[in-house]
Amino acid sequence: MAMLPCSSEQLIDAFGPHLNFEPPGGFAARGTPDRAVETHCCFCGQQCGVKLLVKDEKVVGVEPWEEFPFNRGKLCPKGVKRYLQNNHPDRLLRPLVRSGRGFAPVGWDEALDLVAERLARIQRHHGNDAVAVLGGASLTNEKAYLMGKFARLALRTRHIDYNGRLCMVSAGAGNLKAFGIDRAANPWADIAAADLIMVLGSNVSECSPITTDYIWRARDRGARLIVVDPRLTPIARTADLFLPVRPGRDSALLNAILHAVIRLGGLDLDFIAAHTSGFDALRQTVEGYAPERVEALVGIPAARIIEAAALWVQAPRTMLLHARGIEHHTKGVENVLACINLVLATGKIGKPGCGYATITGQGNGQGAREHGQRCNQLPGARDIEHPAHRAVVAERWGIDADELPGKGATAPQILEKIHGGEIRGLLSLCFNPMVSLPDAAFTRAALERLELFVAIDFFLSETARHADVVLPGSLQEEDEGTVTSAEGRVIRIRQAVQPPGEARQDWRIICALAERLGRGARFAFQSPREIFDELRALSAGGVADYSGITYEKIERQMGVFWPCPTEAHAGTPRLFEGGRFAHPDGRARFHAVEYRPPAEDVDEAYPIILTTGRVVSQFLSGTQTRRIGPLVDQYPEPRVEMHPRLAARLGIADGDRVRVISRRGELRLAAQVVQTIRPDTVFIPYHWPGEQSANRLTVRAYDPISGIPEFKVAAVRIERLEAA
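Calculation criteria
Residues numbered from 1 in each chain as written. Predicted model: local features only at pLDDT ≥ 70, side-chain atom pairs only at ≥ 80, totals over all residues. Heavy atoms only, no water. Pairing = 2+ DSSP bridges. Helix = DSSP H or I, 4+ residues; strand = E, 2+ residues; numbered from the N terminus. Axes fitted to C-alpha atoms, helices over the stretch in contact; angles between N-to-C directions. Contact = heavy atoms within 4.5 Å. Core = buried A, V, L, I, M, F, W, Y, C linked by side-chain atoms within 4.5 Å. Buried < 20%, exposed > 50% of the residue type's maximum accessible area, 1.4 Å probe, protein only. Disulfide = S-S within 2.5 Å. Parallel < 35°, antiparallel > 145°, perpendicular 65-115°, else oblique. Left-handed = near helix turned anticlockwise from the far one by under 90°.

Undergrad: How do you make sense of the sheet that holds strand β8 (residues 196-200) when you look at a structure like this?
TA: What links the strands of a sheet is backbone hydrogen bonding, and the strands pair in either a parallel or an antiparallel sense. With parallel pairing, five strands are arranged side by side in an open sheet as β10-β9-β8-β12-β13. The sheet is open, and its two borders are formed by β10 (241-243) and β13 (355-358), each paired with just one other strand. Averaged over all pairs of adjacent strands, the angle between strand axes in this sheet comes to 15°, irrespective of strand direction. Sheet analysis places strand β12 (residues 318-322) next to β13, joined by four bridges and oriented parallel. Note on β13: the bridge partner recorded for His322 is Thr358. Contacting β8, β12 and β13, helix α15 (residues 332-345) runs over the sheet at an angle of about 180° to β12.

If you want it as structure tokens, here you go:
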């Protein structure tokens, strides 16, 4: 049983999170660095270039890498302070097994033998699928590929998925359905060249700050800006037009904008006829979404909806950008498709300064979903249920296609299957579902039912505290590899230092486990480069074709955009030029979308909409950033944002302690009364665990296509707490 091995207080005392404010030895002792290593930030999908400063084989600071073209030296607060996680006092330095009073250190051979023996025992008694694997979306492409191969060849389980299930999957599914390929259509340079930018559900200034710079550069040229969001985010405060949509109503709003575009004569009928399919059904659907008819539903006056349509039609070059604000819904894929409908219907894609992109959240949110650690995908973004795709992968792995497991469960479904007793063993690598999955009480109950839980990580996360065996892995700067940025640009991660203590690089751990499971011959890799060479060869002919990308080419070109099918090919920064899409017939697909309400809407008992998201100083579940002192100082604890009108109605003043209650649990937080949110909505950031976890309140409801949870809408009520 994966109950906590001792109290939470004892675990925190031993393993943190503790705050680190200075490099090893303090700033005064840092001295002149021995070298500067050009690599990339470990956090969001922008993957900004940085130079890590190394002294005495320790990372002691960071400097701008001004030559890297994406960010040209600019960094956000997380990028500036990221180096403080290296040599952190909380780092896991030795393998650990649970003892009667917590965790006890053991040698690597003992730990790996124990893991292999117990995994094999579970599978012997309950079948291969009784063991599941969860990976991270910040892993390098090499590690992500290796995790998929390890699950399907070494463990022979169909259940592998990753925490990108909580991030990009609605965008990916929508892109695949409409375009036949899952990647941003344009390089970010096209944002700066646009005449109008529409940003939907993306707090870019806090979540992807460097994108703000691209928008500002466009604004400096005179470009207009439309922002759609229930919160008046920092970028929204600079917009020409702000549409404060009621959470969960995005598809209705987008249908209404397209309705108005049609009224204004803004369709590109030549483009629709030459390059798309399915427009007649879409036109028929949006006829029922007149702005005057949906204004009450979406909470935006019809005149503003029509104004947005007019601005879109009038601008010669437009860029539409969206992120999790429209994707974290039970209809996240439909929201994405509604965005794409607008772009396609006006023919505004596939041209310089004109197109569409989804803003990746996690460090390798793009690449980590392309090469095999998703439950429904094989390397090269191949479909695991497509016989021809399975045959290619099986042949290149040297197995019969029938030996290749089929589609498995999504990450949330894996937790459901653990809860139900179908999955009994779990191996995770850099995934913290105790903080990141909805309905945290359910996640805890599932972990407590496991017969074996093995966590590979560099810090003891809130989830790893439940493990039977903890294997100390590596930080990004302790290994080589590649990642793929939000643009679709494949870039190099360079090793700056060795892992500390007895910690090992993750790929070495996985290969050692495969050997103990009797599959070592297929995992005889000696370096990340060997893994990458196998990955790119296997991707040849796939949708995500990396076959022409080498480490040397990445360095020469400062990154290579896929698809890149030969070593002579320069890569593909902009997709769909000339109106050619990736479906076999070359046409894009319209998808008619009817509005559906959220899974849990407000009612008399729970009359307020809760939406969740990020703050600039923290990243995802906070496993790394909640250990970096200056970032915690910037935003020490979650607060609940509410509008002054809502606060007045509830008798709440700024700073008051309040109780936020949903059907699944409650939180006690300080109120932050702000003008920058709808009066019917409250916002709580989700980076904290335990009694501060926003996911104690969120609902276990998922998009039926992508499996993404509905983090952006839950029904709550709020009560003021009396002062103690």
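Undergrad: So what exactly am I meant to see when it comes to unusual backbone geometry here?
TA: Note: most residues except glycine have negative phi, and most peptide bonds are trans. Each neighbour pair has its own omega, and for Gly16 with Pro17 the value is 15°, a cis peptide bond. Along the chain, Pro17 falls in the loop between α1 (8-15) and β1 (35-40). The amide bond that connects Trp562 to the next residue, Pro563, takes the cis arrangement and shows omega of 0°. By the element assignment, Pro563 lies in the loop between β21 (560-561) and β22 (588-589). Phi is positive for Arg156, which is not a glycine, with a value near 55°. Locating Arg156 in the fold gives a position in the loop between α4 (141-155) and β7 (160-162). One non-glycine residue with positive phi stands out, namely Leu620, at about 50°.

Undergrad: What am I meant to see in the nonpolar core here?
TA: For soluble globular proteins, nonpolar side chains are generally found buried alongside one another. Judged by nonpolar contacts, the single largest core of 122 residues is most densely connected at Phe150, Phe179 and Ile349. Of all the elements, α15 adds the most residues to this core, at ten residues. For Phe150, the residues in contact, after removing those within four places along its chain, are Leu155, Leu427, Ile510, Leu513, Ala514, Leu517 and Phe523. One finds Trp65, Tyr214, Leu321 and Val483 within the second-largest nonpolar core, a separate group that totals 31 residues.

Undergrad: Any chance you could explain the state of the cysteines here in plain terms?
TA: Between two cysteines, a covalent bond joining their sulfur atoms is known as a disulfide. Counting across every chain of the model gives zero disulfides. Cys44 supplies the cysteine sulfur nearest to Cys207, a cysteine that is in no disulfide, at a spacing of 8.8 Å. Free cysteine: Cys354, not disulfide-bonded; nearest cysteine sulfur from Cys339 at 15 Å.

Undergrad: Is there a simple way to explain the packing of helix α3 (residues 108-126) against helix α20 (residues 506-516) in this structure?
TA: At a closest axis distance of 9 Å, the pairing of α3 and α20 adopts a crossing angle of 60°. Here α3 lies oblique to α20, going by the angle between them. Taken as a pair, α3 and α20 cross one another with a handedness that is right-handed. Here Trp108, Asp109, Leu112, Asp113, Val115 and Ala116 of α3 lie close against α20, whose contacting residues are Ile509, Ala512, Leu513 and Arg516.

Undergrad: Would you mind showing me how to read the environment of Arg639 here?
TA: Along the chain, Arg639 turns up in strand β24 (residues 639-642). Here Arg639 falls in the partly exposed class, since its relative accessible area comes to 26%. Separated by 158 residues in sequence, Arg639 and Gly481 place their C-alpha atoms 38 Å apart. Setting aside anything within four residues of it in sequence, one finds Arg639 in contact with Leu669, Ala670, Gln672, Phe683, Ile684 and Pro685.

Undergrad: How should the environment of Pro607 be read in this particular structure?
TA: Along the chain, Pro607 falls in the loop between β22 and β23 (608-613). Placed 108 residues apart in sequence, Pro607 and Ala715 show a C-alpha to C-alpha distance of 6.5 Å. Discounting residues that sit within four places of it in the chain, Pro607 has contacts with Val602, Val716 and Arg717.

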